[in-house]
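# Summary of the model geometry
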Amino acid sequence: MSKTAIFIWIQKGRAADSVAELAAAAKALGEPAALYAFGADATEALAADLAYDGIDAVHIVNTPGLTPCQTDGLADAAAQVMTDDGLATVLLEAEAVGRDIMSRAAVKVGAGMTSDCTALKVQDGSIRQIKPSFGAQVMVACEVKGTPQIVTIKKGSTAPADKIDGLPVDVRTIEAASKITCGDVTALPSSDHLTGADVVVVAGKGAIESGQFEAVKAYADKIGAALAGSRPVADQGFIPFDDQIGESGTVIQPKLCIIFGVSGAIQFTEGIKGGGKIIAINNDPNAPIRGFADVFICADMGELLIAMNAQD
Ligand SMILES: Cc1cc2nc3c(=O)[nH]c(=O)nc-3n(C[C@H](O)[C@H](O)[C@H](O)COP(=O)(O)OP(=O)(O)OC[C@H]3O[C@@H](n4cnc5c(N)ncnc54)[C@H](O)[C@@H]3O)c2cc1C
C-alpha cells in the first residue's frame, strides 16, 4: 500500500470547493493523489471540475440510490475502494458527512483516523497530522502507526491548488445497501463567504464592549470585506456561529485580515494562521494579538473607525 487519495462526496450534482485545498495538501506530502468522487450523482461529466494540481487521476465511484445521509452504504463503498485500490492514506474535508462515512469505513478496514487537522508534515517518512487538542490549549502532532490511515483536514487550512486539465478518468459502480431512511434535510448556514474572501474584517469582544460593532460592520461593508467575529461575538448573537473564527469555528486564509478588539487567544488565532497580512487594532499595548499580527495599531477603535468610515 502506498497510494495517497482524496475522497469527496457529490451532493446535488456538485463537489465541495474544498477539493482544491485537499489537492494542495496532498501535493505537499510529496506525491500527487488520486481523487475519488462518491455518490449517486457522481458521473464522468464532473471530472473536468475535479482536476487540480496535486491530483493525478479522477475516479468516479457511482453509488446508485444512495443519498449523502446514507452514510452506512457510502462507508461500505469507501471501504471497498480502499481495499481494492490498496490506498495507504485518504484525505478528506473535516465536515459532518465525511466524518460519519469515514469513521465507519475506518472500522471496516482497520484504519487509524485523525480528525480536524490544520497542517500535515512529512517527517522520517511518515505523516505528522497536526491538530488542536485539549480545547486548543495545545497543538499535537499525531502519527498513525501503519496503514491505511484517514485524515480529515479543516477547510481553510491550506491555500487552494490551481486548476489543471487532461487527467485520466475512470468510472465504476458500487451497489451498496443502506439501513438509513432520510427525512427532510435542512441545509445548515455556510461559511463559504468567509473561506473564499480576499479581505475579512473581524470584530472581537472589544468591539461589543466599546459599542463599536456597528461601526466595524459598516467598515467591512465600505471596503467590500466579509465580516467575521471572535467567539464572544458569536455567543452574544452579533454574528452567526458559522462566522466565528477559530479552533471551534471557521478557519480562514484571506489575503488581508483586519481585526478590531480581539485579544489573541490561541483558540482564535488557530483559525487564521497561514493566511496573508494581519492588521490588529487594540487599545491594550500588551494584548497577545500584537505578537501575531503583521501590523499592530495600539489605539481606541472608536476614534479610528470614525476616521476610516469617513474616508472616501
Ligand atoms: C474549547 C474552547 C474553544 C474555543 N474556541 C474559540 C474559537 O473558535 N474562536 C474564538 O474566538 N475563541 C474561542 N475560544 C475562546 C477564547 O479562549 C477567548 O476567550 C476568545 O477568543 C476571546 O475573544 P476576544 O478576543 O474577542 O475577547 P477578549 O479576550 O475579551 O478581548 C477583547 C479585546 O478587545 C480590546 N479592546 C477593548 N476595547 C477596545 C477598544 N475600544 N479599542 C480597541 N481594542 C479594545 C481589549 O484590549 C481586549 O484585548 C474558545 C475557548 C475554549 C475553551
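Criteria and cut-off values
Residues numbered from 1 in each chain as written. Predicted model: local features only at pLDDT ≥ 70, side-chain atom pairs only at ≥ 80, totals over all residues. Heavy atoms only, no water. Core = buried A, V, L, I, M, F, W, Y, C linked by side-chain atoms within 4.5 Å. Buried < 20%, exposed > 50% of the residue type's maximum accessible area, 1.4 Å probe, protein only. Helix = DSSP H or I, 4+ residues; strand = E, 2+ residues; numbered from the N terminus. Contact = heavy atoms within 4.5 Å. 1 Å grid on protein atoms, 1.4 Å probe; cavity = no way out; pocket = protein on both sides within 12 Å on 5 of 7 lines; lining within 4 Å. Points joined across faces, edges and corners; volume = space filled by probe spheres on them. Nonpolar A, V, L, I, M, F, W, Y, C, P; charged D, E, K, R; others polar. Axes fitted to C-alpha atoms, helices over the stretch in contact; angles between N-to-C directions. Parallel < 35°, antiparallel > 145°, perpendicular 65-115°, else oblique. Left-handed = near helix turned anticlockwise from the far one by under 90°. Disulfide = S-S within 2.5 Å. Near = heavy atom within 4 Å. Polar contact = N/O pair within 3.5 Å; in protein donor to acceptor, adjacent residues only side chain to side chain. Areas by Shrake-Rupley, 256 points an atom, 1.4 Å probe, with all protein chains shown as cover. UniProt positions renumbered as here; feature names shortened; annotations may be inferred. Phe/Tyr/Trp six-rings, centres within 6.5 Å; stacked < 30°, edge-to-face > 60°. Lys NZ or Arg CZ within 6 Å of the ring centre and 35° of its normal.

## Details of the nonpolar core
Among the nonpolar cores identified, the biggest contains 32 residues, and I6, I8, L35 and L50 are the most heavily contacted of them. At the level of secondary structure, the elements contributing two or more residues to this core comprise β1 (3-9), α1 (19-28), β2 (33-39), β3 (55-62) and β9 (149-153). The element that contributes the greatest number of residues to this core is α1, accounting for 7 residues. Leaving out residues up to four positions away in the same chain, L35 has contacts with I6, I8, V19, L50, I55, A57, V58 and H59. Judged by nonpolar contacts, the second largest core, of 26 residues, contains W9, A77, A106 and A111.

## Things to note about empty space enclosed by the protein
Within this structure, the stated rule accounts for 1 cavity of 30 Å³ or more. By volume, the largest cavity amounts to about 40 Å³. Looking at the largest cavity, the residues that line it are S18, E21, L22, I153, K154, K155 and T158. Taken together, the residues of the lining of the largest cavity sort by class into 2 nonpolar, 2 polar and 3 charged.

## Let's talk about the packing of helix α6 (residues 213-223) against helix α10 (residues 301-310)
Where α6 meets α10, the closest approach of the two axes is 10 Å, and the angle between their N-to-C directions is 30 degrees. Classified by the angle between their axes, α6 and α10 sit roughly parallel to one another. For α6 against α10, the interelement crossing comes out left-handed. Within the contact between the two elements, α6 uses A215, V216, A218, Y219 and K222 and α10 uses M301, L305, M308, N309 and A310. Its residues assigned to classes, the contact of α6 with α10 shows 8 nonpolar, 1 polar and 1 charged.

## Notes on the state of the cysteines
In protein structure, a disulfide is the covalent linkage between the sulfur atoms of two cysteines. In the structure shown here, the tally under the stated rule is 1 disulfide. A sulfur-sulfur distance of 1.7 Å marks the disulfide that ties C69 to C182. With C69 in the loop between β3 and α2 (71-84) and C182 in the loop between β10 (169-173) and α4 (192-195), this pair connects stretches of sequence that are 113 residues apart. The class of C182 is partly exposed, set by a relative accessible area of 30%. Among the cysteines around C142, which has no disulfide bond, C117 carries the closest sulfur, lying 6.5 Å off. Here C142 falls in the partly exposed class, since its relative accessible area comes to 24%. A disulfide-free cysteine, C298 has its sulfur positioned 19 Å from the sulfur of C257, the nearest such atom.

## Topic: the site of the ligand
Looking at the ligand, there are 26 residues lining it, with K205, S230, S248, S263 and N282 nearest. Contacts to the ligand include G249, whose backbone N or O atom sits 3.5 Å from an oxygen atom. At a separation of 3.1 Å, a nitrogen atom of the ligand approaches a polar backbone atom of N283. When the ligand sits alone it has 990 Å² of accessible area, and the protein chains cover 77% of it. When contributions to the shell around the ligand are tallied by element, the ones reaching two or more residues are α5 (205-209), α7 (231-235) and α8 (266-269). Of the residues belonging to the shell around the ligand, the class tally is 7 nonpolar, 14 polar and 5 charged.

## Notes on the UniProt feature "binding site: FAD" (unreviewed entry) in the protein
Feature annotation in UniProt places "binding site: FAD" (unreviewed entry) on S230, R231, Q244, I245, G246, E247, S248 and N282, given in this structure's numbering. Over a stretch of 53 residues, the named residues are scattered through the fold, their C-alpha atoms separated by up to 22.8 Å. Assignment of secondary structure puts I245 in the loop between α7 and β13 (256-260). Mapped onto the secondary structure, G246 falls in the loop between α7 and β13. Apart from residues lying up to four places away in sequence, G246 is in contact with K154, Q267, F268 and G271.

## Some points on the packing of aromatic side chains
One pass over the full model with this rule turns up 6 aromatic pairs. Ring centres 6.3 Å apart and planes at 85 degrees place the aromatic pair F7 and W9 in the edge-to-face group. Take F7: its relative accessible area is 1%, and that puts it in the buried class. Pairwise contacts between aromatic rings join F7, W9, Y36 and F38 into one cluster. Seen from the ring of Y52, K163 lies directly overhead, with NZ or CZ sitting 5.2 Å from the centre.

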